[in-house]
Amino acid sequence: MRWIKWRGRWPVPPWFVAAAAIALALSWFAQFRWLPGGLRLGEPRPVGAAAEIAPVGPVRIDEVMTSNRQAWAGAGGRYADWAELCNTGAQPIDITGWALTDRPDRKRPFRFPEQVLEPGERVLVYCTGDFRSVPGEVLEAPFRLSSTGDALLLYDARGAIMESLVIPALAVDQVYARDERGAWRITDAYTPGLGNTDENHALLAEAAGASASPVTIHALCAWNRGLVRDADGDYCDWIELANTGDQPVSLKDYALSDDQGQPQRWALPDVKLEPGGRIRVFASGKDRRAPGGELHANFKLNAEGETVVLTDAEGRRIAEVAYELLGPDEIYARQADGGYQKTNG
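Just so it is clear, the structure is predicted and the values come from calculations on it, not from any experiment. (Residues numbered from 1 in each chain as written. Predicted model: local features only at pLDDT ≥ 70, side-chain atom pairs only at ≥ 80, totals over all residues. Heavy atoms only, no water.)

Enquirer: So what about the layout of surface pockets? Which residues, and what values?
Expert: What the largest pocket holds in volume is close to 760 Å³. Looking at the largest pocket, it is lined by 26 residues, and the ones nearest its centre are Asn-68, Arg-69, Tyr-79, Arg-144 and Ala-322. Of all the elements, strand S24 (residues 317-323) adds the most residues to the lining of the largest pocket, at 4 residues. Tallied by class, the residues present in the lining of the largest pocket amount to 9 nonpolar, 9 polar and 8 charged. (1 Å grid on protein atoms, 1.4 Å probe; cavity = no way out; pocket = protein on both sides within 12 Å on 5 of 7 lines; lining within 4 Å. Points joined across faces, edges and corners; volume = space filled by probe spheres on them. Helix = DSSP H or I, 4+ residues; strand = E, 2+ residues; numbered from the N terminus. Nonpolar A, V, L, I, M, F, W, Y, C, P; charged D, E, K, R; others polar.)

Take a look at the structure:
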């Protein structure tokens, strides 16, 4: 094998020449094929991210809530996030087949059923992760919204973009809503189904306050390994209820459940809960409800996560707490802002 002379003095072996040729080929592909725009440092743009596009017609997104904890139980009694559309024009508009989604590359967006929006009429779509699109019933989108920031895109029946909205981070029970001038603002004055005014929020809060109960789910433990024993000496899961009002409340016919499809699974006895008072119900499956005695529901909690529902004497859902994986003796407790957080027992 012959050696190649470099500048007449240093021999260059064939493997060096081959390596140099490969490096040049890789450089060409990197510059012109793989990274034609150059190497970009910093945060990449998420796949499917949407740019904001102003409404191109009178039907527009008017209000969005991304962290509905205690604001509005409109999704069949559930506290679900929502998006509201409004026809701001002077003529009825058929929105049958229109699509709403949180990302342009989602294969299954929400599509409206047969529906005509009259001038000034509004429609709510609850972002539950399920899909329901039946005329005259609660509408549910097959995606959820993130409270740390998200997007919504509205398309007409032909697939033309009608609006694209970038939603900022929102606190618990806040909304991103247009004011009377059409400008967006972050506010606590949620008004699902109504015009976005403080007066309408006050009317909504007054109506809800007339029927809402001050009793709520204060805390729960789905893996009680060593916190508290029941009267039998067993470590059972438990749910703690609290009266946040200033008047005593009878818990007769209130009910607890871990099944959203069966919200009145276990009814409480006639027990009076004083203002600021709390009461523990063991989720042991033992089914004990004697007034004055230790209370045991007829179901157990799943430490891997589920939803606990509390209904009042009229069967209305007044609290709904969804939790994920809880470790041994971890408590999922209500915070001052109405949200829930894991704490160590």
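Okay, back to it.
Enquirer: Account for the side chain of Asn-243, with residues named and values stated.
Expert: Mapped onto the fold, Asn-243 is located in strand S16 (residues 237-243). Polar contacts involving the side chain of Asn-243 include one to the main-chain carbonyl oxygen of Glu-274, which spans 3.3 Å. Beyond its immediate sequence surroundings of up to four residues, Asn-243 is in contact with Pro-214, Val-215, Pro-248, Val-249, Leu-273, Glu-274, Pro-275, Gly-276 and Gly-277. (Polar contact = N/O pair within 3.5 Å; in protein donor to acceptor, adjacent residues only side chain to side chain. Contact = heavy atoms within 4.5 Å.)

Enquirer: Describe the sheet that holds strand S15 (residues 215-221), with residues and values.
Expert: Either a parallel or an antiparallel arrangement is found when strands of a sheet pair, and the pairing is made through backbone hydrogen bonds. Pairing is mixed in the open sheet, where 6 strands are placed in the order S22-S21-S16-S15-S25-S26. Each of the sheet's edge strands pairs with one partner strand only, and the pair in question is strand S22 (295-296) and strand S26 (340-344). The pairing of strand S21 (residues 278-283) with S22 spans 2 bridges and is classified as parallel. Across the sheet, the residue bridging to Val-281 is Leu-295, located in S22. (Pairing = 2+ DSSP bridges.)

Enquirer: How would you explain the packing of aromatic side chains if you had to name every residue and give the values?
Expert: We describe a pair of aromatic rings using the distance from one ring centre to the other and the angle between the two ring planes. The full count for this structure, using the stated rule, is 5 aromatic pairs. Taken together, a centroid distance of 4.7 Å and an interplanar angle of 20° make the contact between Tyr-176 and Trp-184 stacked. Given the relative accessible area of 13%, Tyr-176 is considered buried. Note on Tyr-332 and Tyr-340: the rings are 5.7 Å apart at their centroids and 25° apart in plane angle, and the pair reads as stacked. For the pair Tyr-332 and Tyr-340, one class covers both residues: buried. (Phe/Tyr/Trp six-rings, centres within 6.5 Å; stacked < 30°, edge-to-face > 60°. Buried < 20%, exposed > 50% of the residue type's maximum accessible area, 1.4 Å probe, protein only.)

Enquirer: I'd like a rundown of the pattern of salt bridges, residues and numbers included.
Expert: Scanning all chains against the criterion turns up 17 salt bridges. Between Lys-286 and Asp-232 there is a salt bridge, with the nearest N and O atoms lying 2.8 Å from each other. Pair noted here: Lys-286 is in the loop between S21 and S22 and Asp-232 is in the loop between S15 and S16, with a separation of 54 residues, a long-range link. Through salt bridges that share partners, Asp-230, Asp-232, Asp-234, Lys-286 and Arg-288 make up one connected network. (Salt bridge = Lys/Arg side-chain N within 4 Å of Asp/Glu carboxyl O.)

Enquirer: Summarise the sheet that holds strand S23 (residues 306-311); cite the residues concerned and give the values.
Expert: Across the sheet, which stays open at both edges, the 4 strands sit in the order S19-S18-S23-S24 with antiparallel pairing between neighbours. Two strands in the sheet have a free side with no partner beyond their single neighbour: strand S19 (266-267) and S24.

Enquirer: Hey, could you go over the environment of Tyr-323 for me, with residue numbers and the actual values?
Expert: For Tyr-323, the location among the structural elements is in strand S24. The class of Tyr-323 is buried, set by a relative accessible area of 4%. For the pair Tyr-323 and Ala-222, spaced 101 residues apart in the sequence, the C-alpha separation amounts to 9.6 Å. There is a polar contact of 2.7 Å between the side chain of Tyr-323 and the backbone oxygen of Asn-302.

Enquirer: Give a detailed account of the pairing of S15, specifying residues and quantitative values.
Expert: Within S15, 7 of the 7 residues are buried, which leaves the element mostly enclosed by the surrounding structure. Note that S15 and S16 share 6 bridges and pair antiparallel. The residue bridging Cys-221 from the neighbouring strand is Trp-238, located in S16. Pairing of S15 with strand S25 (residues 330-334) involves 2 bridges; the strand directions are antiparallel. Across the sheet, Leu-220 pairs through a bridge with Tyr-332, a residue of S25.

Enquirer: Lay out the environment of Lys-272 with the relevant residues and their values.
Expert: Considering the arrangement of structural elements, one finds Lys-272 in strand S20 (residues 272-273). Residue class for Lys-272 comes out exposed when judged on its relative accessible area of 58%. Residues contacting Lys-272, with those up to four places away along its chain left out, are Pro-248, Val-249 and Ser-250.

Enquirer: Describe the nonpolar core, with residues and values.
Expert: Core analysis: the largest hydrophobic core is formed by 31 residues, its most contacted members being Ile-217, Leu-220, Ile-239, Leu-241, Leu-256, Leu-301 and Leu-310. In contact with Leu-256, not counting residues within four places along its chain, are Ile-239, Leu-241, Pro-263, Arg-265, Trp-266, Leu-268, Val-281, Phe-299, Val-308, Val-309 and Leu-310. Formed by 26 residues, the second largest nonpolar core is a distinct cluster that contains Leu-85, Cys-127, Ile-167 and Tyr-176. (Core = buried A, V, L, I, M, F, W, Y, C linked by side-chain atoms within 4.5 Å.)

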